[in-house]
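So you can see what is in the structure, the chains are spelled out below.
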Amino acid sequence: MNQDSLAHRWVVSAEEAKELIKLNATLLDVRNSISWLLGHISGAVHVTWQQFSQQQSPNKGKLIENTEILQEKLRAVGICNNQPVVVLGNPAHNFGEEGRIVWMLRTLGHSQAVFVDGGHSALVKAGVPIVWGVTQPKPGDFLVQRTSLWEIQRDELKANLSAKEISQNLIVIDTREAREYAGTPAYGEQRGGHLPGAVHFYFQDLKDAKGNLLPRDQIIDKLERLGIQHHTPIITYCTGGIRSAFFTAVLVDLGFNHVKNYAGSMWEWSASPENHYPLESEPK
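From a predicted model like this one, the values you see are computed outputs, not experimental measurements.

Comments concerning the sheet that holds strand E6 (residues 113-116)
Working definition: the strands of a sheet are paired by backbone hydrogen bonds and lie parallel or antiparallel to each other. Judged by pairing direction, the sheet is parallel, and its 5 strands sit side by side in the order E1-E6-E5-E2-E4 without closing on themselves. Whereas interior strands pair on both sides, the edge strands pair on one side only; in this sheet they are strand E1 (11-12) and strand E4 (45-46).

Spelled out as C-alpha cells, the structure:
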C-alpha cells in the first residue's frame, strides 16, 4: 500500500493494515489493558485517549494544551513524522477510542494515521499473529503542527449555532445514545439534554453487530436521510469528544470535507452558564 495514499484515508481494511505493518508502521492498541495483556499484535503499544487529554473537569475531553508536553507523550509511544500509524480497537464494545486517536493525530498534523475497520480481531482473522509481553517502543520524532480543519472550540461552536438560525446549512450531530440525547446525564455531565438543533445519530449505528463499518452506501444513505450531503458543514459531539471523533474519522474517510469534532462536548458545554450555553431535551 502506497503511504502517500493515506493522506485522504482515515480507515483501512485488515489486509491494508497488514501491508502497512510490513512497512514498519507504528501500531497503537486502544483496547483495555486486560485485553492487551491477553495478546496483542507484535509491536503494538497500549495507549488510552486519556494520556493525551486534560485531567481536570470539565475539560477532560479536550487535548492537552501544552504542545511540548503533548509532543513528548506522542514521541514516547513511538510516533514519527513520516511513519504511518495504525490504530487497533475493539469496535464492537468500545466508545470509538481508535477514531479518537486518529482524529487527534490528524488534528496535530500527522498525515498518515488510520484505524483498522474491525479492529484487533479483524487483523487476527487476517492472519496477523499475536504476542504477549510489554512492548518498549523506540522513541519517535513527531513534531506537532496543529490544524483546525477537524476540530472546533466551544465559543466558535456557539457562534455557529447562532448563525445557524439564519442559515440552515450547518448540521450538528449528537453521537451519543438516545437516552443521553433525550436528556439523561450518563457520564458525569452537569446538565442533561442536547445542543440546540442537534440531530441524533448514535455512533455505533455506523457499524454492524461485529463492529465492522457498514458498507459505504449504507452509511451515506443513513446520512442523507438526515439531510447530510458531502458538502454539508457538520459538527459532531458526544460527552468528551471520543465517540464523536470516531464519527468524524469515518465521515472524513468517506469524503465529507467539512466535519469538525467538538472535543469539549457535553462535559464542557453542560458546565458552562446555562443562559449562554443552553441545552434542549426531548419530551418525556
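What to know about the packing of helix H4 (residues 97-107) against helix H9 (residues 243-253)
For any two helices packed against each other, the geometry comes down to the angle between their axes and how far apart the axes lie. Where H4 contacts H9, the axes come no closer than 7 Å and their chain directions differ by 70 degrees. Classed by the angle they form, the pair H4 and H9 counts as roughly perpendicular. By crossing handedness, the relation of H4 to H9 is classed as left-handed. Contacts from Glu98, Gly99, Arg100 and Trp103 in H4 reach Ala245, Phe246, Thr248 and Ala249 in H9. Here the contact of H4 with H9 is composed, by residue class, of 4 nonpolar, 2 polar and 2 charged.

Considerations on the layout of surface pockets
As a volume, the largest pocket reaches approximately 400 Å³. If you go around the largest pocket, you meet 21 residues; those closest to its centre are Trp49, Gln50, Phe95, Glu97 and Ile242. Within the lining of the largest pocket, the residues separate by chemical class into 8 nonpolar, 10 polar and 3 charged. Volume-wise, the second largest pocket comes out at about 310 Å³. As for the second largest pocket, its lining consists of 17 residues, of which Trp10, Leu149, Trp150, Val252 and Asn257 are closest to the centre. Of the residues contributing to the lining of the second largest pocket, the split by class is 7 nonpolar, 8 polar and 2 charged.

Quick word on the environment of Gln83
Along the polypeptide, Gln83 turns up in the loop between helix H3 (67-76) and strand E5 (85-88). Residue Gln83 is classed as partly exposed on the basis of its relative accessible area, which comes to 24%. Beyond its immediate sequence surroundings of up to four residues, Gln83 is in contact with Asn24, Ala25, Thr26, His110 and Gln112. There is a polar contact of 2.6 Å between the side chain of Gln83 and the backbone oxygen of Asn24.

Notes on the pairing of strand E2 (residues 26-29)
With burial as the criterion, each face of E2 is covered, one bearing Thr26 and Leu28 and the other bearing Leu27 and Asp29. Bridging between E2 and E4 involves 2 bridges; their strand directions are parallel. Directly across from Asp29, in E4, lies its bridge partner His46.

Considerations on the environment of Val131
Counting through the fold element by element, Val131 comes out in strand E7 (residues 130-131). Assessed through its relative accessible area of 27%, Val131 is described here as partly exposed. For the pair formed by Val131 and Leu37, sequence separation is 94 residues and the distance between their alpha carbons is 9.1 Å. Not counting the four nearest positions on each side in its chain, Val131 is found in contact with Gly39, His40, Ile41 and Ser42.

Details of the nonpolar core
Ranked by internal contacts, the top residues of the largest apolar core, which has 52 residues, are Leu28, Leu74, Ile101, Met104, Leu105 and Phe256. At the level of secondary structure, the elements contributing two or more residues to this core comprise H3, E5, H4, E6, strand E8 (171-174), helix H8 (216-225) and H9. Element by element, the count of residues in this core is highest for H9, at 7 residues. Setting aside its immediate chain neighbours within four residues, Met104 contacts Phe52, Leu63 and Leu74. The next biggest cluster of nonpolar side chains, apart from the first, holds 17 residues, and it includes Ala17, Ala25, Leu27 and Val116.

With respect to the pattern of salt bridges
By the definition in use, this model includes 12 salt bridges. As a salt-bridge pair, Arg31 and Asp29 come within 2.8 Å of each other at their nearest N and O atoms. Like Asp29, Arg31 is buried. With a shortest N-O distance of 2.8 Å, Arg179 and Glu177 are connected by a salt bridge.

Some thoughts on the sheet that holds strand E9 (residues 199-200)
Strand order in this open sheet of 4 strands is E9-E8-E10-E11, and the pairing throughout is parallel. Looking at which strands have only one partner, the edges of the open sheet turn out to be E9 and strand E11 (259-261). Bridge analysis of strand E10 (residues 234-237) against E11 gives 3 bridges, and the strand direction is parallel. Note on E11: the bridge partner recorded for Ile234 is Val259. The sheet contacts of H9 involve E8, E10 and E11, and relative to E11 the element is tilted by about 160 degrees.

Section: the side chain of Arg106
As for its position among the elements, Arg106 is in helix H4. One buried charged residue, Arg106, forms no salt bridge at all, with the nearest opposite charge on Asp253 at 7.0 Å. For Arg106, the side chain forms a polar contact with the main-chain oxygen of Ala7, separated by 3.0 Å.

Cut-offs and rules
Residues numbered from 1 in each chain as written. Predicted model: local features only at pLDDT ≥ 70, side-chain atom pairs only at ≥ 80, totals over all residues. Heavy atoms only, no water. Pairing = 2+ DSSP bridges. Helix = DSSP H or I, 4+ residues; strand = E, 2+ residues; numbered from the N terminus. Axes fitted to C-alpha atoms, helices over the stretch in contact; angles between N-to-C directions. Parallel < 35°, antiparallel > 145°, perpendicular 65-115°, else oblique. Left-handed = near helix turned anticlockwise from the far one by under 90°. Contact = heavy atoms within 4.5 Å. Nonpolar A, V, L, I, M, F, W, Y, C, P; charged D, E, K, R; others polar. 1 Å grid on protein atoms, 1.4 Å probe; cavity = no way out; pocket = protein on both sides within 12 Å on 5 of 7 lines; lining within 4 Å. Points joined across faces, edges and corners; volume = space filled by probe spheres on them. Buried < 20%, exposed > 50% of the residue type's maximum accessible area, 1.4 Å probe, protein only. Polar contact = N/O pair within 3.5 Å; in protein donor to acceptor, adjacent residues only side chain to side chain. Core = buried A, V, L, I, M, F, W, Y, C linked by side-chain atoms within 4.5 Å. Salt bridge = Lys/Arg side-chain N within 4 Å of Asp/Glu carboxyl O. Lys, Arg positive; Asp, Glu negative; His and termini not counted.

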